[in-house]
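# An overview of the molecular structure
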Amino acid sequence: VVAGQIPEKIIFPFCFLLLIIITWHHMKYQFSVFVVLSLTLIAIVISFSVGSLQLWHHTKKLNGLCPPKYKQKLWLKSAMFFLLLSGVDMLDSQIDIVMLGSIKSTTEVGIFNAAKKISLIISFILYAVNIVLAPLFSRLYHEKDFKLLQNIFTFSARITSVIALSLFVLIFFFNNDLLALFGNE
């Protein structure tokens, strides 16, 4: 389960951030919507490729061992639920932009959206650490090794706090430079 989240939750944001930095270094504040969408598409293709290779690697041993059984009606019911869930999640992640757009100018909404995306860097670090450590926490709890669990939890909380605080300080002091990555407007 954890390995299945790596392409979407770690590889995609890392590739996108790396592509933004490389492009920014070469283009120097010449970003446009087309450039950012192109970089997003490239990062999506890379993360999809990694996920596909990962899936192929784990399923090649199972190929041909048992014939596939398709339960299309059950899958369709599940797909409709997940479609609804995904739509609600998308609405939840964008409702602040929509609401702000109804009362403020597009320039202010654009600045807010750029600032929101920059602040997500901090949560990305915390999420990545959580993906890596959650299975370990679960195993240690199941094994009732509470002392080691507490030690690892405390250490990881301190490390992620230092990283998050460092990123916050960088964002706080270099906010105009970071916002300039999204364009001069």
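First, a word on what this report is: a plain description of the structure on this page. A quick note: this is a predicted structure, and the numbers were derived from the prediction, not measured. (Residues numbered from 1 in each chain as written. Predicted model: local features only at pLDDT ≥ 70, side-chain atom pairs only at ≥ 80, totals over all residues. Heavy atoms only, no water.)

Moving on, we come to helix 2 (residues 33-59). If you check helix 2, its first and last C-alpha atoms are 38 Å apart, about what 27 residues at 1.5 Å a residue would give, namely 39 Å. Among all positions in helix 2, only V35, L39, A43, S47 and G51 are buried. (Helix = DSSP H or I, 4+ residues; strand = E, 2+ residues; numbered from the N terminus. Expected span 1.5 Å × (residues − 1). Buried < 20%, exposed > 50% of the residue type's maximum accessible area, 1.4 Å probe, protein only.)

Bringing helix 3 (residues 72-103) into the picture now. With 32 residues, helix 3 extends 45 Å between its outermost C-alpha atoms, agreeing within 8% with the 46 Å of an ideal straight helix rising 1.5 Å per residue. Of all the bends in helix 3, the largest measures some 50 degrees and sits at Q94. (Bend = angle between axes of the 7 residues up to and from the residue.)

Relative to the elements of secondary structure, T23 occurs in helix 1 (residues 2-27). The class of T23 is buried, set by a relative accessible area of 13%.

Next up on the list: the packing of helix 4 (residues 106-142) against helix 5 (residues 146-173). Between helix 4 and helix 5, the shortest axis-to-axis distance is 10 Å and the interhelical angle comes to 175 degrees. In terms of axis orientation, helix 4 runs roughly antiparallel to helix 5. Of the residues in helix 5, those in contact with I118, S119, I121, I122, I125, L126, V129, L133, L136, F137, L140 and Y141 of helix 4 are F146, L148, L149, I152, F153, S156, T160, I163, A164, L167, F168 and I171. (Axes fitted to C-alpha atoms, helices over the stretch in contact; angles between N-to-C directions. Parallel < 35°, antiparallel > 145°, perpendicular 65-115°, else oblique. Contact = heavy atoms within 4.5 Å.)

A separate point is the environment of L133. In this structure, L133 sits in helix 4. Measuring from C-alpha to C-alpha, the distance between L133 and F153 comes to 8.7 Å, with 20 residues separating the pair along the chain. Setting aside anything within four residues of it in sequence, one finds L133 in contact with I152 and S156.

Counting residues in each nonpolar core, the largest one holds eight residues, listed as I11, C15, L19, I20, F31, V35, L39 and A43. Among the secondary structure elements, those contributing two or more residues to this core are helix 1 and helix 2. For this core, the element with the highest residue contribution is helix 1, accounting for four residues. In this view, L19 contacts L39, I42 and A43; residues no more than four positions away in its chain are not counted. Core analysis: the second largest hydrophobic core is formed by five residues, I122, A164, L167 and I171 among them. (Core = buried A, V, L, I, M, F, W, Y, C linked by side-chain atoms within 4.5 Å.)

The relative placement of two packed helices is expressed as an angle between their axes plus a distance between the axes. One way to put it is that helix 3 packs onto helix 4 with a least axis distance of 10 Å and a crossing angle of 160 degrees. When the axis of helix 3 is compared with that of helix 4, the two are roughly antiparallel. Of the two elements, helix 3 crosses helix 4, and the hand of that crossing is right-handed. In this structure, helix 3 uses S93, D96, I97, L100 and G101 to contact helix 4, whose residues at the interface are V109, F112, N113 and K116. For the contact of helix 3 with helix 4, the class distribution of residues is four nonpolar, three polar and two charged. (Left-handed = near helix turned anticlockwise from the far one by under 90°. Nonpolar A, V, L, I, M, F, W, Y, C, P; charged D, E, K, R; others polar.)

Nothing here speaks to function; it is all geometry.
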